[in-house]
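Geometric and topological summary
Each chain, letter by letter, is given below.
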Amino acid sequence: ITNKGFLTVGAGGALTVTQLPEQEANATKPTFRAVLDHDFSDDLMAYVSASRGFKSGGFALFAAGTPPVEPEILDAVAVGLKSDWLDSRFQANLEAFYYDYTNQQVQVIRAAGAFNVNAARSRIYGLEASLTAVPSGDLTLRANLGYLHGRYREFVEAPIYLQNPATCAPTPQRVPGPLQPGSLTCSFDASGLEGLARIGSFVA
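So, here is what we can say about the structure in this document. (Residues numbered from 1 in each chain as written. Predicted model: local features only at pLDDT ≥ 70, side-chain atom pairs only at ≥ 80, totals over all residues. Heavy atoms only, no water.)

1. As for the state of the cysteines
What counts is decided by this rule: By definition, disulfides here are pairs of cysteine sulfur atoms that lie within 2.5 Å. To qualify as a helix, a DSSP run of H or I must reach at least 4 residues; to qualify as a strand, a run of E must reach at least 2; elements of each kind are numbered from the N terminus. Three labels apply to residues, based on accessible area from a 1.4 Å probe with only protein chains included: buried if under 20% of the type maximum, exposed if over 50%, partly exposed otherwise in between.
Per the stated rule, a full pass over the model turns up 1 disulfide. Each sulfur of the disulfide joining Cys168 and Cys186 lies 2.0 Å from the other. An S-S torsion of about -85 degrees defines the bridge between Cys168 and Cys186 as left-handed. Note that Cys168 is positioned in the loop between strand E12 (166-167) and strand E13 (173-174) and Cys186 in strand E14 (residues 183-188), a separation of 18 residues in sequence. Judged by its relative accessible area of 32%, Cys168 is partly exposed.

2. Re the packing of aromatic side chains
Condition: Note on aromatic contacts: the rings of Phe and Tyr and the six-membered ring of Trp form a pair at centre separations within 6.5 Å, being stacked when their planes are under 30 degrees apart, edge-to-face when over 60 apart, and tilted otherwise.
By the definition in use, this model includes 2 aromatic pairs. Judged by centre distance (5.1 Å) and plane angle (35 degrees), the rings of Phe97 and Tyr99 are tilted.

3. Comments concerning the pairing of strand E5 (residues 72-85)
Filter applied, for reference: The pairing criterion for strands is at least two bridges between them, as found by DSSP.
In this sheet, E5 lies alongside strand E4 (residues 44-55) in antiparallel orientation, the contact comprising 12 bridges. Of the residues in E5, the one forming a bridge with Ala46 is Leu81. In textbook terms, the turn of a hairpin is the stretch between consecutive antiparallel strands, and for E5 and strand E6 (residues 90-102) this stretch comprises 4 residues, one of which, Leu86, has a positive phi near 55 degrees.

4. Let's talk about the pairing of E4
In this structure, strand E3 (residues 32-41) lies alongside E4, joined through 9 bridges in antiparallel fashion. Its bridge partner lying in E4, Asp37 is registered against Tyr47. Hairpin connection between E3 and E4: a loop of 2 residues separates the two successive antiparallel strands.

5. Things to note about the pattern of salt bridges
Using the following cut-off: Only one rule defines a salt bridge in this text: a Lys or Arg side-chain nitrogen within 4 Å of an Asp or Glu carboxyl oxygen.
If you walk through the whole model with that rule in mind, you get 3 salt bridges. Note that Arg121 and Asp100 form a salt bridge whose closest N and O atoms lie 3.2 Å from each other. In this pair, Arg121 sits in strand E9 (residues 121-136) while Asp100 sits in strand E6, placing the two residues 21 residues apart along the sequence. When the shortest N-O distance is used, the salt bridge between Asp100 and Arg153 registers 3.4 Å. Of this pair, Asp100 sits in strand E6 while Arg153 sits in strand E10 (residues 139-154), placing them 53 residues apart in sequence. Relative accessible area serves as the criterion here: at 38%, Arg153 is assigned to the partly exposed category. Several salt bridges share partner residues, and in doing so they unite Asp100, Arg121 and Arg153 into one network.

6. With respect to the nonpolar core
As a reminder of what qualifies: Joining through side-chain atoms within 4.5 Å is the link that ties buried Ala, Val, Leu, Ile, Met, Phe, Trp, Tyr and Cys residues into a set, and such a set is a nonpolar core. Throughout, a residue-residue contact means that at least one pair of heavy atoms, one from each residue, lies within 4.5 Å.
Ranked by size, the top nonpolar core spans 8 residues in total: Val106, Val108, Phe115, Val117, Ala119, Phe155, Ala158 and Ala190. Elements represented by at least two residues in this core include exactly strand E7 (105-110) and strand E8 (113-118). In this structure Phe155 touches Val106, Val117, Asn118, Ala119, Phe188, Asp189, Ala190 and Ser191, once residues within four positions along its chain are discounted. One finds Ala78, Phe97, Tyr101 and Ile124 within the second-largest nonpolar core, a separate group that totals 5 residues.

Right, here's the structure in full:
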């Protein structure tokens, strides 16, 4: 990746070239996916998979001269099963997964510009279930359920946006007073913080 400048189209179609300090960055990483499955019967199959994903880094056009964002690497493991019951009148598909991110890319907004930063490390794991029942030829019931747990293992300069009036010191917080236009961007250590999500749906 080479960063030299960018082109802006102004009013009336005028072209403006903004020159940036020349920067270069190279990153390579092998990716893979391996799956092992086994049919225990005609109606029951289990599998396990391991894979690695790679998302390239890049430069921030609105922060010339800053170091490039490091590539994001995702190592993922999944275990699941697919099953048919009651002469295919009921199907149950289940999966448990574990995602381990290194240099996870997170979009932040600074100086009215959006760009990515690295959140160092994070971990996500969860469960998914897909259920289908066919009580009769005219009725099909489907349910999709999920559990998701995410935690930043390391993110020492996580951004937080506070409506003005606010302060970053000694800790990011709102201060008394009527609301003012704009917001204040502060940083805090999000290492160890977790998010939890449960998702469910039911369709007939």
